[in-house]
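What the coordinates show
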Amino acid sequence: MWASKRAAAVPGSVFALMDAAKQRARAAGRAVIDLSIGSSDQPPPEEAMEALRAATRDPATSRYPLFSDTWPLRAAAALYLRRRFALELDENAELLPLIGAQEGLAHLLLAVTDPGDVLLLPDPCYPPYRGAAAVAGLQTFPLPLRPELGFLPDLGAVPEGVRPRALLLNYPNNPTSAVATAAFFREAARWCRGRGTLLIHDHPYAELTFGDYRAPSAMEAGVNGVVELHSLSKTHHMGGFRVGFAAGDRGAIAALARVKGAVDFHPYLGIQRAAEVALGLPEERNRVAARVFEARRDALVPALRALGWAVDWPQGSMYVWARVPGLTDSVEYALRAAEETGVAVSPGRAFGPAGEGFVRFALVQPPEVLTEAARRLAAVSPQVRSARQPPAP
Ligand SMILES: Cc1ncc(COP(=O)(O)O)c(C=O)c1O
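A few points on the structure. It should be emphasised that the depicted structure is a prediction, and the values quoted were computed from it without experimental measurement.

About the criteria used
- Residues numbered from 1 in each chain as written.
- Predicted model: local features only at pLDDT ≥ 70, side-chain atom pairs only at ≥ 80, totals over all residues.
- Heavy atoms only, no water.
- Pairing = 2+ DSSP bridges.
- Helix = DSSP H or I, 4+ residues; strand = E, 2+ residues; numbered from the N terminus.
- Right-handed = clockwise from strand over helix to strand, strands pointing away.
- Buried < 20%, exposed > 50% of the residue type's maximum accessible area, 1.4 Å probe, protein only.
- Polar contact = N/O pair within 3.5 Å; in protein donor to acceptor, adjacent residues only side chain to side chain.
- Contact = heavy atoms within 4.5 Å.
- Axes fitted to C-alpha atoms, helices over the stretch in contact; angles between N-to-C directions.
- Parallel < 35°, antiparallel > 145°, perpendicular 65-115°, else oblique.
- Left-handed = near helix turned anticlockwise from the far one by under 90°.
- Nonpolar A, V, L, I, M, F, W, Y, C, P; charged D, E, K, R; others polar.
- Phe/Tyr/Trp six-rings, centres within 6.5 Å; stacked < 30°, edge-to-face > 60°.
- Lys NZ or Arg CZ within 6 Å of the ring centre and 35° of its normal.

1. Digging into the pairing of strand β4 (residues 139-144)
Bridging between strand β3 (residues 118-123) and β4 involves six bridges; their strand directions are parallel. The residue of β4 that forms the bridge with P122 is L143. In this fold, β3 hands off to helix α6 (residues 128-135), which returns the chain to β4; that crossover is right-handed.

2. Some remarks on the side chain of S317
When you line up the elements, S317 lands in the loop between β9 (310-311) and β10 (319-323). You can call S317 buried: its relative accessible area is 0%. Reaching out from S317, the side chain makes a polar contact with the backbone nitrogen of Y319 at a distance of 3.2 Å. What S317 contacts, discounting residues up to four positions off in sequence, is P172, N173, S177, Y205, L208 and F210.

3. Brief notes about the packing of helix α11 (residues 283-305) against helix α13 (residues 367-377)
Interaxial distance between α11 and α13 falls to 8 Å at its minimum, and their mutual angle equals 15°. The angle between the axes of α11 and α13 places the two elements in the roughly parallel class. Pair α11 / α13 crosses with right-handed handedness. Contacts between α11 and α13 involve A295, R296, A299, L300, A303 and L304 from the former and P367, L370, T371 and A374 from the latter. Its residues placed into classes, the contact of α11 with α13 shows eight nonpolar, one polar and one charged.

4. Observations concerning the pairing of strand β2 (residues 95-98)
Alternating residues of β2 divide into L95 and P97 and L96 and L98, and every residue in both groups is buried. Note that β2 and strand β8 (residues 244-248) share four bridges and pair antiparallel. Paired with L98 across the two strands is G244, which belongs to β8.

5. Describing the packing of aromatic side chains
Summed over all chains, the structure comprises 13 aromatic pairs. For the pair Y205 and Y319, a centre-to-centre distance of 5.6 Å together with 75° between the ring planes defines the contact as edge-to-face. Of the two residues, Y205 is situated in the loop between β6 (198-202) and β7 (226-231) and Y319 in strand β10; the sequence distance between them amounts to 114 residues. One exposure class covers both Y205 and Y319, and it is buried. Lying across the ring of F293, R296 places its NZ or CZ 5.1 Å from the centre.

What follows is the structure, given as structure tokens:
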């Protein structure tokens, strides 16, 4: 009765269904291997933890943080962007701390769009994108991400008459784990400038890349008309800290600061100090953590290929996106896999219609657990059963 049209428009999540399936598996005595949530199991940098511990002992950190109090974190973010991407950003006008990239995106859409505006949205995509678009009252225009184009959108296929207010991209990508080149971002930025479209790049996996591959920043194509969302959740294993930053076009950043000013007061100062320390750590520290996920990829991909599944070697992100031969109902499959084998994966359809036929594995367990998960899944048929079978004893 009290839900607004806006609240009612936020799509429900199949992750609640998956949660119930995991509970049923546990109740049936199965050891659950949960690969359905992309929450890093690695520890945050010890230096960041120490900065947080020290901050909790400093009474000055318990007050409301004002914008001026966020300067050290904005300056640390500017330095990180300079070191990592050779970008020169003005920390006073082109950077803003976030309470995570997810919060940042929802408020950014409120800040830069009006109800009824068109948002170009990849399909499949990180599910909260759809919720954020619904809250902002946007029309979404789907951009299918297809394997034959390396899961990059075909902007040339967007009809001339479509005048999107914003384009949302994310590489390394969740859920497909695809990566994009600097040339791709240059082309996307050129396309956006031609149509008066803001390019929003959600970049939480910037440091989670494998081998020699390093993810570019969309801002390498120029800062005007581009906003990039960075997060310490995956790059520094600080998901629960809820901290990140927005960088880019000063008009969009000012609008975001205005909207956020009506909503929040910036992250707790202790968390800002921890993030500042983490962003200043040498790049090699990020590489060490990324190699943990790389070793997991190296275990899971061959194990899934041995099942006859079509799986690429991801160059980044913390996921493996697998096409399961003969799969037509990924939600039914994921529920059954959880109940019958205790292996919880994310159904591709949860990320959008174009995700059907796929499942997503989060690389959040050690290699031997991942291969055990693949071994268990060999027993689950991808064929939909007309009547659901009771879980095996
Ligand atoms: C693409 C993408 N964006 C944003 C987030 C959330 O980031 P944060 O923890 O900074 O809100 C995630 C988390 O899985 C993600 O995959």
